[in-house]
Amino acid sequence: MTAPVPASQPTDTYSAFTADLDFSLDEFQQQACAAIDADHSVLVAAPTGAGKTVVAEYAIHTAMREANAKVFYTAPMKALSNQKFIELTERYGADAVGLLTGDTNINPRARIVVMTTEVLRNMLYADSDLLPNLAFVVLDEVHYLADRFRGAVWEEVIIHLPERVRLVALSATVSNAEEFGDWIQTVRGDTEVIVSEDRPVPLEQHVLIQGDLVELFADAGTSDSVNPELVRLAKYGGRAPVSNRDRRGRQRGGGVHRVRREEVVRLLESHQLLPAIFFIFSRAGCDGAVEQVVRSGLRLTDRDERTQIREFAEERCRSIPDRDRAILGYWSWLEALQRGVAAHHAGMLPIFKEVVEELFRRRLLRVVFATETLSLGINMPARTVVLEKLQKFNGESRVQITPGEYTQLTGRAGRRGIDVEGHSVICWHDGLEPGTVGSLASKRSYPLKSSFRPTYNMAVNLIAQFGRQRTRDILESSFAQFQADRAVLAMARTVREQEASLAGYAESMECERGDFSDYAGVRRELTDLERKSNQVGSMSRAKRDKRQKRIAELHRRMRQHPCHGCPDRESHARWAERWWRLKRETDQLRRRISSRTSAVAAVFDRVTDVLASLDYVRSDADGEPQLTDDGHVLSRVYGERDLLVSECLRNGLWDDLDGASLAAMVSCLLFEPKRDSAEYAQQYLPRGPFRRALTETVNVWSVLDDLEERHRLSRSEPPSTALAPAVHLWARGADLDRVLIEADMAAGDFVRWCRQIIDLLDQISGIASPTMSKTARAGIEAIRRGIVGYASV
C-alpha cells in the first residue's frame, strides 16, 4: 500500500510522543506513525542508523496509553534483546518490561516483553497464556528472514500471529521491500510499506592509498564516477597505504599486504576521524590488531577517561574469579581498553563484548577492531568505518563482499546528532581495481529472499491446529511460495512469449518440398554424433561400430529427404536452429514452473509421510492425520535435530545417563564442527553408559538419514563428538583452562555452545519422563556455572 501522508492534525498519542523528543521526526518516521494511528501494520525499510527504532518506540508508546495492551519486541540475537531490554527498562521501569531469551526469564507477564524471535514462535505454537491483550509485535532486523538457518522463524511468526495483532517490521534497506510488503499485506491485511534510502548522516567514501586519504568518487557525497586521481594513483605506483616496505621502497615478504594499524589510527586521528570501527573478517585478525596497536605504545585516552574505563570494566566483571581472569586474557584486555582500543567478535566472552559496546557508546573507546557480526543490529555507530579488505571467508572459500554487505558495514559510519558526515575508508592493496571498488560502493542491491522450509516440528504443530489441508493452504501463503509464484508468473509470461516466437520460427522454416522440422532433426542428431566421434575418449569397439552405423544411416536419410534438395535449405536450417534452441529453453522453463508450483506444500507432504511412517501422526477414519502421543512430544522440541531428539527420548536411549553425560550427548547433536575438526575415538569419550548411548543415537540418526533420502528431504550431518569431552569435563567441575584446551576454542564460543545445550536440556526437562526430566535439570545446573553462568543482564 502507498504510505499515508501524516495527518495535518496529529493525534493526541502522536503529540504526546513527540513532545518528549529532542529532535524532529523525519518524513518516513512520520508516515510510519501515521500508519500505526490508522490501525495498520507497517514495514519500514531504511538504512542503518536512520532511526527505524523510533517507529517501534511509537508502537510501544501507543500500547502503553491503552489499559491492558501489550507489546512483544523481538530481536534476532540475544545480545540485541539484552540491549533493548536495558533501554526499555530505563524508560518504562523494571515492572513494565520483561525479557525472554531461552536462558533468561525476567518478568514475562510485563506489558512490554523483549524476546528472541524463536521464543515468540514457540509461544504461538504452544498457544501461550501470555498472548491475550497482545496489541503489537515488533520484528526488529526482519531481513534476517533471509538467513538460511533461522529465517523460517520470521515467516512462521508473521503467518501465525493472531489477526488482531499489528505488526511493526523493521528492515535494512532491501531492493524488494515492496514485494515483501505485498506479501505481508496478503497474509495480514492492511500493511503500509515505507521505504527510505536516505542516510541520516551523509557518507564520505575514501580510499587509503600511498599513505593518504583519497576520495573514492569524483564528487564527494555522490557515487556517479570514480575519482580520476584514484585511478591514476592505482595505475602508477598505487601500493598498500602504510605498507611493509624496506628503506628502498621494496615490498618485503613477497608482496604480502601487511597494514601497520597504529599508523592508520594515527592518520585517522590527525584527520579527526575517530572513533572508528575497523572491520576485519577474522577473529584472530581482530585480536592481533589490538595487540599490534598496544605494542606500538599508542594511547588514545587521557587519565580521567582511563579511570572511567577501568572502574566500569572492573564493576561489570567483578563476578569473574581471579583464577579465570588470567585464562580469559582479562588483564591484557583491560590494558587495551584503557588505551581506547578493543576487539569485538563472537569468540569473546559475552560480558567482555557488552563492556566494549557500552564503553564505545559512552565515547570512551576510540578504535574497535570487529568482525562483520558487529554490523548486524548492535547500536555502536562510529564516525568512521575502515575496511581493510573487501573479501571474506564464507566457510568454503574467500569471496568478495556483496554490495548489500558493504552497505551494512558502512551503515555504522556517522553518528546522528554528533557527526556532520560519516566516513568509510577502504585500505588499498595489490589486486584492487578502482572500478570494482566504485561499483561495490555505488550499488544498493540487497534482495530479500525467503529461506522458508517445513520442519518436523512445524508440521506436527500445524497439523494439530489446522489439519493437513488447511496446513497446506497456510504453507502456500509463505513468502517462499509467494516469491516462487511471482517467479512462476514471470516464467509463464516468458513461456507464452517464446511460444509465439516458436510459431514464427516454425513458419519461417517451412519448406514446400517436405517437413523441414524432421529434416532438421536428422541434421542435428548427425552433427551431435559426429562431434562425439571426434572427441578423445575410451569406447568399446562394439559401441564405436554401433555409432558409426547410426551415422551412416543418418547420412543416407538426410540425402534421401525431400528437403535436402531445396535451394533455400540453409536459410530454412538457420531458422530451424533458432527454433530448436528456443524450444530447449522453453522446455526448461516449463520444468522449472512445474517444480515451483506448490513447492513448499510438496515438501510438507514428504515431511508428513516421514512422520506417518514413524507413527508420529496417524490417519483417522476420515483419512485426516492426527498426532499420536509421540507427535505431541515432538511438537515441543525446537531445533535442527527435533526428530532425532524425539526418537532418542521415546526409545529410552538416554535413560541411563547422568546429568553430565546427558549434557555431553546433547552437545553431539548440536555442535557443528569445522571441516578440519577431529572426531574423538571411543577411548577418549566419557566412560560408562555414554558410549553405548552414543552408538545407539548414531544408529537412529542413520535410519532417519536413509528415510529422509528416500523421501527426497534435506539430510543432516551425523552427530559430532568433537565437543563432548570438554562439555563432560565442564559439567563434572573441571577447571576452565583445562576445558578450553580440551575444547580447542575461544571462551565466547564455549559459552555460546553451552547456552544452546542448556536450551535443549530445558526443552527435554519439560517433555520427558520424570526421571529424564530430573537428569536434564541436573545437566543444566552442572553446566550453568563459572563463565557460562555469569549474568549479562
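Predicted model, so just to flag it, every value in this text is computed and none were measured. (Residues numbered from 1 in each chain as written. Predicted model: local features only at pLDDT ≥ 70, side-chain atom pairs only at ≥ 80, totals over all residues. Heavy atoms only, no water.)

Novice: What's the story with the state of the cysteines in this structure? I'm lost.
Specialist: Covalent bonding between the sulfur atoms of two cysteines defines a disulfide. Per the counting criterion, the structure on display carries zero disulfides. With no disulfide of its own, cysteine 427 has cysteine 286 as its nearest cysteine by sulfur position, at a separation of 13 Å. Exposure remark for cysteine 427: the relative accessible area of 1% places this residue in the buried category. As a non-bridged cysteine, cysteine 668 has cysteine 648 as the owner of its nearest cysteine sulfur, 11 Å distant. Note on cysteine 668: relative accessible area 0%, which makes it buried. (Disulfide = S-S within 2.5 Å. Buried < 20%, exposed > 50% of the residue type's maximum accessible area, 1.4 Å probe, protein only.)

Novice: Teacher, can you tell me more about the pattern of salt bridges here?
Specialist: Side-chain pairs of opposite charge can arise where the charged atoms are in close proximity. Under the definition given, this model contains 39 salt bridges. A salt bridge links arginine 550 to glutamate 525; the shortest N-O distance between them is 2.9 Å. Remark: glutamate 525 occurs in helix H19 (residues 516–534) and arginine 550 occurs in helix H20 (residues 541–560); sequence separation between them is 25 residues. Arginine 650 is the partner of aspartate 630 in a salt bridge, and the nearest nitrogen-oxygen pair spans 2.9 Å. (Salt bridge = Lys/Arg side-chain N within 4 Å of Asp/Glu carboxyl O. Helix = DSSP H or I, 4+ residues; strand = E, 2+ residues; numbered from the N terminus.)

Novice: Help me out: how do you make sense of the sheet that holds strand E10 (residues 212–215) in this one?
Specialist: By definition, the strands of a sheet pair up through backbone hydrogen bonds, in either a parallel or an antiparallel sense. Sheet architecture is open: seven strands sit in the order E10-E9-E17-E14-E11-E13-E12, paired in mixed fashion. Looking at which strands have only one partner, the edges of the open sheet turn out to be E10 and strand E12 (341–344). For this sheet, the mean inter-axis angle between neighbouring strands, taken without regard to orientation, is 25°. Bridge count for strand E14 (residues 384–387) against strand E17 (residues 422–427) is four bridges, and the pairing is parallel. Bridge pairing links threonine 384 to histidine 423 in E17. (Pairing = 2+ DSSP bridges. Axes fitted to C-alpha atoms, helices over the stretch in contact; angles between N-to-C directions.)

Novice: Would you take a moment to explain helix H7 (residues 177–188) for this structure?
Specialist: Since the α-helix packs 3.6 residues into each turn, any two residues three or four apart lie on the same face. Between its terminal C-alpha atoms H7 stretches 16 Å, which fits the 16 Å expected from twelve residues at 1.5 Å a residue. Among the residues of H7, those classed as buried are Ala177, Glu179, Phe180, Gly181, Trp183, Ile184 and Arg188. Remark: glycine 189 follows H7 within two positions and exhibits a positive phi of approximately 90°. (Expected span 1.5 Å × (residues − 1).)

Novice: Would you mind going over unusual backbone geometry with me for this structure?
Specialist: The bulk of non-glycine residues show a negative phi, and the bulk of peptide bonds are trans. Leucine 274 connects to proline 275 through a cis peptide bond whose omega is 5°. Note that proline 275 resides in the loop between helix H9 (261–270) and strand E11 (276–279).

Novice: Whenever I open this one, the packing of helix H11 (residues 303–316) against helix H13 (residues 330–338) confuses me. Can you help?
Specialist: The packing of two helices is summarised by the inter-axis angle and the distance between the axes. Running from N to C, H11 and H13 cross one another at 145°; their axes reach a closest spacing of 9 Å. Relative to H13, the crossing made by H11 is right-handed. Across the interface between the two elements, Arg306, Ile309, Arg310, Ala313 and Glu314 from H11 touch Tyr330, Trp333, Leu334, Leu337 and Gln338 from H13. Classifying every residue of the contact of H11 with H13 by side-chain character gives six nonpolar, one polar and three charged. (Left-handed = near helix turned anticlockwise from the far one by under 90°. Contact = heavy atoms within 4.5 Å. Nonpolar A, V, L, I, M, F, W, Y, C, P; charged D, E, K, R; others polar.)

Novice: Even after reading the chapter, I still don't get the sheet that holds strand E2 (residues 70–75), so can you show me in this structure?
Specialist: An order of E4-E3-E5-E2-E6-E7-E1-E8 is seen for the eight strands of this open sheet, with the pairing classed as mixed. Among the strands making up the open sheet, the edge pair consists of strand E4 (105–106) and strand E8 (191–195). The sheet contact formed by strand E6 (residues 134–139) and strand E7 (residues 166–171) spans four bridges and is parallel. Its bridge partner lying in E7, valine 138 is registered against valine 168. Helix-sheet contacts for helix H5 (residues 117–125) involve E2, strand E3 (97–100), strand E5 (112–116) and E6, and the interaxial angle to E5 is about 105°.

Novice: Teacher, can you tell me more about the side chain of threonine 101 here?
Specialist: The residue threonine 101 is located in the loop between E3 and E4 in this model. Residue contacts for threonine 101: discarding those within four places in its chain leaves Lys78, Ser81, Asn82, Thr116 and Val119.

Novice: In this structure, what is going on with the environment of proline 76? I would like to understand it.
Specialist: Within the secondary structure layout, proline 76 lies in the loop between E2 and helix H4 (78–92). Sequence separation of proline 76 and lysine 549 is 473 residues, and the distance between their C-alpha atoms is 66 Å. Excluding anything up to four places from it in sequence, proline 76 contacts Thr117, Asp140, Glu141, Tyr144, Arg150 and Trp154.

Novice: Even after reading the chapter, I still don't get the environment of aspartate 568, so can you show me in this structure?
Specialist: Mapping aspartate 568 onto the fold places it in the loop between H20 and helix H21 (569–596). Look at aspartate 568 and you get partly exposed, because its relative accessible area is 45%. Between the alpha carbons of aspartate 568 and alanine 218 there is a distance of 57 Å; along the sequence they are 350 residues apart.

Novice: Got a minute to help me understand the environment of arginine 650 in this structure?
Specialist: Along the chain, the position of arginine 650 falls in helix H24 (residues 642–650). A relative accessible area of 31% places arginine 650 in the partly exposed class. Separated by 16 residues in the primary sequence, arginine 650 and leucine 634 place their C-alpha atoms 10.0 Å from one another. Setting aside chain neighbours within four positions, we find arginine 650 in contact with Leu614, Asp615, Tyr616 and Asp630.

Novice: Could you clarify how one ought to interpret the packing of aromatic side chains in this entry?
Specialist: Two measures describe an aromatic ring pair: the distance that separates the ring centres and the angle between the ring planes. Taken as a whole and judged by the stated rule, the model has 16 aromatic pairs. Of the aromatic side chains, those joined through ring pairs into one cluster are Phe180, Trp183, Phe479 and Phe482. Of note, arginine 325 hangs over the ring of tyrosine 330, and the distance from its end group to the ring centre comes to 4.6 Å. Against the face of tryptophan 730 rests arginine 785, its NZ or CZ located 3.6 Å from the ring centre. (Phe/Tyr/Trp six-rings, centres within 6.5 Å; stacked < 30°, edge-to-face > 60°. Lys NZ or Arg CZ within 6 Å of the ring centre and 35° of its normal.)

Novice: Honestly, the packing of H11 against helix H14 (residues 350–361) in this entry has me stumped. Any pointers?
Specialist: With their axes 10 Å apart at the nearest point, H11 and H14 run at an angle of 150° to one another. Taken as axis vectors, H11 and H14 run roughly antiparallel relative to one another. Between H11 and H14 lies a crossing of right-handed hand. On H14, the residues that touch Ile309, Phe312, Ala313 and Arg316 of H11 are Ile351, Glu354, Val355, Glu358 and Leu359. Here the contact of H11 with H14 is composed, by residue class, of six nonpolar, no polar and three charged. (Parallel < 35°, antiparallel > 145°, perpendicular 65-115°, else oblique.)

Novice: What am I meant to see in helix H15 (residues 403–410) here?
Specialist: Burial runs high along H15: six of the eight residues are buried. Burial in H15 covers these residues: Pro403, Gly404, Tyr406, Gln408, Leu409 and Thr410. Buried residues along H15 sit against strand E9 (203–209), E11, E14, E17 and helix H16 (434–442).

Novice: Could you clarify how one ought to interpret the pairing of E12 in this entry?
Specialist: A regular strand carries its side chains on alternate faces of the sheet. Alternating residues of E12 divide into Val341 and Ala343 and Ala342 and His344, and every residue in both groups is buried. A crossover links E12 with its parallel partner strand E13 (residues 367–370), the connecting element being H14, and its sense is right-handed. (Right-handed = clockwise from strand over helix to strand, strands pointing away.)

Novice: I would appreciate a short explanation of the confidence of the model for the chain in the present structure.
Specialist: Reading predicted coordinates in detail is not appropriate for stretches of low pLDDT. Confidence in the prediction of the chain, expressed as mean pLDDT, is 86, and 91% of residues score 70 or more. Taking the mean pLDDT of every element in the chain, the minimum, 76, falls on strand E15 (residues 391–393) and the maximum, 97, on H24. For the stretch residues 240–257, pLDDT sits under 50, and the model shows 30 contacts to residues farther than four places along the chain or on other chains. (pLDDT = per-residue confidence, 0-100.)

Novice: When you look at the nonpolar core in this model, what are you seeing that I'm missing?
Specialist: Generally speaking, soluble globular proteins have nonpolar side chains that are buried together. If you look at the biggest cluster of nonpolar residues, it comprises 157 residues, and the most contacted ones within it are Leu337, Trp654, Phe750, Ile783 and Ile787. Among the elements that line this core, the one with the most residues is helix H29 (residues 747–767), at eleven residues. Setting aside anything within four residues of it in sequence, one finds isoleucine 783 in contact with Ala663, Val727, Trp730, Ala731, Cys754, Ile757, Ile758, Leu761 and Val788. Judged by nonpolar contacts, the second largest core, of 38 residues, contains Ala110, Val153, Leu161 and Ala177. (Core = buried A, V, L, I, M, F, W, Y, C linked by side-chain atoms within 4.5 Å.)

Novice: Sorry, what's going on with the pairing of E11 here?
Specialist: Burial along E11 is two-sided: Ala276 and Phe278 facing one way and Ile277 and Phe279 facing the other are all buried. Across four bridges, the pairing between E11 and E13 is parallel. If you follow alanine 276 over to E13, its bridge partner there is valine 367. Relative to E14, E11 runs parallel, the two being bridged by four bridges. Paired with isoleucine 277 across the two strands is valine 385, which belongs to E14.

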